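Residues per chain, in single letters:
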Amino acid sequence: MPSTLPLGDPAPADGRLPDRAAAGAADRTFSVYVHIPFCAVRCGYCDFNTYTASELGSGASQDSYADAAAREVEFAAGALRASGIPGRPVDTVFFGGGTPTLLPAEDLVRILAGIREAWGLADGAEVTTEANPESVTPETFRVLAAGGFTRVSIGMQSAVPHVLKVLDRTHRPSRVPLAVQWAREAGLSVSVDLIYGTPGESLADWETSLREAVSYEPDHVSAYALIIEEGTKLAAQIRRGQVPDIDDDDHADKYLLADRVLKDAGFDWYEVSNWSRDASGRCRHNLAYWRGGDWWGVGPGAHSHVGGLRWWNVKHPSAYQQRIDARESPAAGREEPDDEARLLERVMLMSRISDGLQTSELPASARREVAGLIADELVDGPAAIRGAIRLTLRGRLLADAVVRRLLGF
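Everything numeric in this text was worked out from a predicted model, so none of it was measured.

### Topic: the overall build of the chain
Then, in step 1: The helix and strand tally for the chain stands at 16 helices and 12 strands.
Then, in step 2: Of all 409 residues assigned to the chain, the portion counted as buried reaches 55%.
Then, in step 3: Long-range contacts, defined here as pairs at least 24 residues apart, represent 74% of the contacts in the chain between residues at least 6 apart.
Then, in step 4: Counting every atom, the chain has about 17,300 Å² of accessible surface; 51% of that belongs to carbon and sulfur.

Printed below as a string of structure tokens:
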């Protein structure tokens, strides 16, 4: 089942934010994340806050979900106004899950229309939905494009059947190029998402998946290292010896292979797990996370961040529906990191992207450390960030201890 929510302070029922959250808001981007918590089948590796029909229980349904999400958008707009947050058009919207395209495309468009009505969309706004290749048709993409979506992220994961079987992915590899074609015909930008390091996946298997993905000529490729989460089916299979455990060196080799194959195909690395054909193809929504922008997360278990304050919604869809029906904030808790934690977080996040971090943002003691080779590379150099990945092996770019030493904590 999905992982537990973090601990935190109580969140007020009216959703009001402290006055300090408004400081500097006009200079920050504003995004919206919409969580669609439904899946047809639970994948063996998945620890996300998602539910199949048998897991959903009473008190919530897919049929009523779009209405609930739209009502949270209305609530959010009112809470931000009451908190003195200046009105800002939405720069990026991302529908994730789960499988957003399990809902009718018209429902997704209706939620987006509510976001547009509440805040407006910035000129050139990026609007993305994740999609499973088996849950879309040409009509799906036509409806989404007509409704204002600009981008689709297709969950390919692998092109190799035995790898998909270990992951419990039920789509057919042949369905992916069709989904890419249909999205392109509708005028949408296309990303394909891959996972590497699955137990039993060879280096040749991974190269096959990479070259297949490149052959579809997407605008963007995401490649994520598989992490085994406790409580998942795959973790239990590894514990029982039914499948081999993952290997850090294998992850490192596959990351470097991905970087080489994608670079040779004309893709530019811009974030530790993401490549695009050019700057315009980058996922601006994810970059807003790394750069510390503001966002409101809609849906059960969704996380939000405004002005350094972060909060998270109740996890189960039925509990979420109850809060929405009562016209109360669905937030389960919130926290506001202190200055030390926020600086540490900024270094960690900005070091994930090729833009890096300006040394002027560091305290004086840390700027002196930058004279050392390792600190210099971790802060400023995209090429050396790849070197850091070789050292940490699993794509977890900076070890907490290294950054704390750099900052003198």
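### Topic: the pattern of salt bridges
Then, in step 1: Enumeration according to the criterion identifies 19 salt bridges in this entry.
Then, in step 2: Across the pair Glu 134 and Arg 172 runs a salt bridge whose closest N-O atoms are separated by 3.0 Å. Highlighted residues: Glu 134 in the loop between strand 3 (121-131) and helix 4 (138-146) and Arg 172 in the loop between helix 5 (161-167) and helix 6 (175-185), separated in sequence by 38 residues.
Then, in step 3: In this structure, Asp 250 engages Lys 254 in a salt bridge whose closest nitrogen and oxygen atoms are separated by 2.9 Å.

### Considering the packing of aromatic side chains
Then, in step 1: The final tally for this structure, using the stated rule, is 9 aromatic pairs.
Then, in step 2: With 5.0 Å between their ring centres and 75° between their planes, Trp 296 and Trp 311 make a pair best called edge-to-face. Here Trp 311 lies in strand 11 (residues 309-313) and Trp 296 lies in strand 9 (residues 294-298), a separation of 15 residues in the sequence.
Then, in step 3: Accessibility expressed as a relative area gives 2% for Trp 296, which makes it buried.
Then, in step 4: Among the residues examined, Trp 311 registers a relative accessible area of 4% and is labelled buried.
Then, in step 5: An aromatic cluster is built from Phe 38, Tyr 65 and Tyr 320, whose rings are joined through pairwise contacts.
Then, in step 6: When the ring centre of Trp 290 is taken as reference, the NZ or CZ atom of Arg 352 above it lies at 4.5 Å.

Reading the values: the criteria
- Residues numbered from 1 in each chain as written.
- Predicted model: local features only at pLDDT ≥ 70, side-chain atom pairs only at ≥ 80, totals over all residues.
- Heavy atoms only, no water.
- Helix = DSSP H or I, 4+ residues; strand = E, 2+ residues; numbered from the N terminus.
- Buried < 20%, exposed > 50% of the residue type's maximum accessible area, 1.4 Å probe, protein only.
- Contact = heavy atoms within 4.5 Å.
- Areas by Shrake-Rupley, 256 points an atom, 1.4 Å probe, with all protein chains shown as cover.
- Salt bridge = Lys/Arg side-chain N within 4 Å of Asp/Glu carboxyl O.
- Phe/Tyr/Trp six-rings, centres within 6.5 Å; stacked < 30°, edge-to-face > 60°.
- Lys NZ or Arg CZ within 6 Å of the ring centre and 35° of its normal.

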